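Here is how the chains run, residue by residue.
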Amino acid sequence: MPTSLEALTSTVTREGEAATFTITDDWLQGRAAFGGLVAALGLLTSRHLVDGSRRLRALQTTFLRPAVPGPLTFEPSLERDGRNLTQMRAIGFQEGKRVATTRAIFGLPLDVEDRLPPPVRPDAPGPETIEPVPFIEGLMPTFVQHFDFRKVSGGRPFSGSSETESVNWLRAKDGQIGVEALSVMFSDAIAPPALALMPGPAKSSTTAWSVSLLEPKGPVDESGWWMIHARLTYLRGGYGHHTTTLWTPEGEVAALSEQTVAVYP
């Protein structure tokens, strides 16, 4: 039976400051755990030690080796606790080997006038008017079954498309884990746009990933339909770079992300 998002993130064993979660087979992306989930677990480990008045402002994640089903332990450490900013590092281990590192920056709001408006959500048909993207077991990553997707625009993976941008609606089916962690996960939930340019099946892996979070001004319906816009900026020599912008169901920008991915047959 699939493990819900809420159950996976809330079932944790703590030993000192370290937190151990259990990755299950239904949260995979190929042979490895879904990267957005791994990053969110590192974030949640650090968030547990930081006062809630300091909101997540940025998260950088590096993946050292595939995280596989089974226990995943994050060991957090405080790198700096300043007047306005707290910087945390969390290293994920499986069987004594490092699999991922997250660096989270939490900050107090600053009394500075807003001088540049955030990106505006694209006009698009509502998700209820668009055919759902079905989960096809054996052809799609298993983690996809935990999300609903509605494709507004953009090519499908392995279609040999020339489109370098995509817009999708998405929502989580089975759990609320907080706006910060959900924003991180959603920023990685769609297939890298580089895969749409590939004329046949190909593999991809993230080499570097950074997410900047913009604190929404009002309440967020975590279970509602979020929108993500992805843009591929280059694909050369087997490496691609893309950016994403994520909006809450209320239309506020939640996160800006960029990734470098390796793409290979």
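Each remark here, short or long, concerns the structure printed above.
Residues numbered from 1 in each chain as written. Predicted model: local features only at pLDDT ≥ 70, side-chain atom pairs only at ≥ 80, totals over all residues. Heavy atoms only, no water.

**Student:** I tried to follow unusual backbone geometry on my own but got confused; where do I start?
**Tutor:** One non-glycine residue, E95, lies in positive phi territory at about 50 degrees. Looking at where E95 falls in the secondary structure, it is placed in the loop between β7 (85-94) and β8 (97-107). E95 gets classed as exposed once you look at its relative accessible area, which sits at 84%. (Helix = DSSP H or I, 4+ residues; strand = E, 2+ residues; numbered from the N terminus. Buried < 20%, exposed > 50% of the residue type's maximum accessible area, 1.4 Å probe, protein only.)

**Student:** Would you take a moment to explain the packing of aromatic side chains for this structure?
**Tutor:** The geometry of an aromatic ring pair is captured by the separation of the ring centres together with the interplanar angle, meaning the angle of the planes. Counting across every chain of the model gives seven aromatic pairs. One aromatic cluster is present, built from ring pairs that chain together W27, F34, F143, F147, F149, F186 and W226. (Phe/Tyr/Trp six-rings, centres within 6.5 Å; stacked < 30°, edge-to-face > 60°.)

**Student:** Please clarify how the packing of helix α2 (residues 35-47) against helix α3 (residues 179-186) should be interpreted in this entry.
**Tutor:** Working note: a packed helix pair is described by the angle between its axes plus the distance between those axes. As a packed pair, α2 and α3 sit with axes 8 Å apart at the nearest point and diverge in direction by 155 degrees. Relative to α3, the element α2 is oriented roughly antiparallel. α3 is crossed by α2, and the crossing has right-handed handedness. Mapping the contact onto sequence places G36, L37, A39, A40, L43, L44 and R47 in α2 and E180, A181, V184 and M185 in α3. In terms of residue class, the contact of α2 with α3 is made up of eight nonpolar, one polar and two charged. (Axes fitted to C-alpha atoms, helices over the stretch in contact; angles between N-to-C directions. Parallel < 35°, antiparallel > 145°, perpendicular 65-115°, else oblique. Left-handed = near helix turned anticlockwise from the far one by under 90°. Contact = heavy atoms within 4.5 Å. Nonpolar A, V, L, I, M, F, W, Y, C, P; charged D, E, K, R; others polar.)

**Student:** I would appreciate a short explanation of α3 in the present structure.
**Tutor:** What sets the pattern is the α-helix's 3.6 residues per turn: residues three or four places apart point alike. A large share of α3 lies buried, amounting to seven of its eight residues. Regarding α3, the residues found buried are E180, A181, L182, S183, V184, M185 and F186.

**Student:** Mind showing me how you'd approach the sheet that holds strand β13 (residues 239-247) here?
**Tutor:** Backbone-to-backbone hydrogen bonds join strands into a sheet, with any given pair of strands oriented parallel or antiparallel. Strands sit in the order β1-β2-β6-β7-β8-β5-β11-β14-β13-β12-β10-β9 across an open sheet of twelve strands; the sheet is antiparallel. At either end of the open sheet lies a strand with only one pairing partner, and these are β1 (13-15) and β9 (147-153). This sheet shows a mean twist of 25 degrees between the axes of neighbouring strands, independent of strand direction. Judged from the nine bridges that link them, β13 and strand β14 (residues 253-264) form a sheet pairing that is antiparallel. From the neighbouring strand, T245 faces β14, where its bridge partner is L256. Sheet strands in contact with α3 are β5 (55-63), β8, β9, β10 (165-172), β11 (203-213), β12 (226-236), β13 and β14, and its direction is about 40 degrees off that of β12. (Pairing = 2+ DSSP bridges.)

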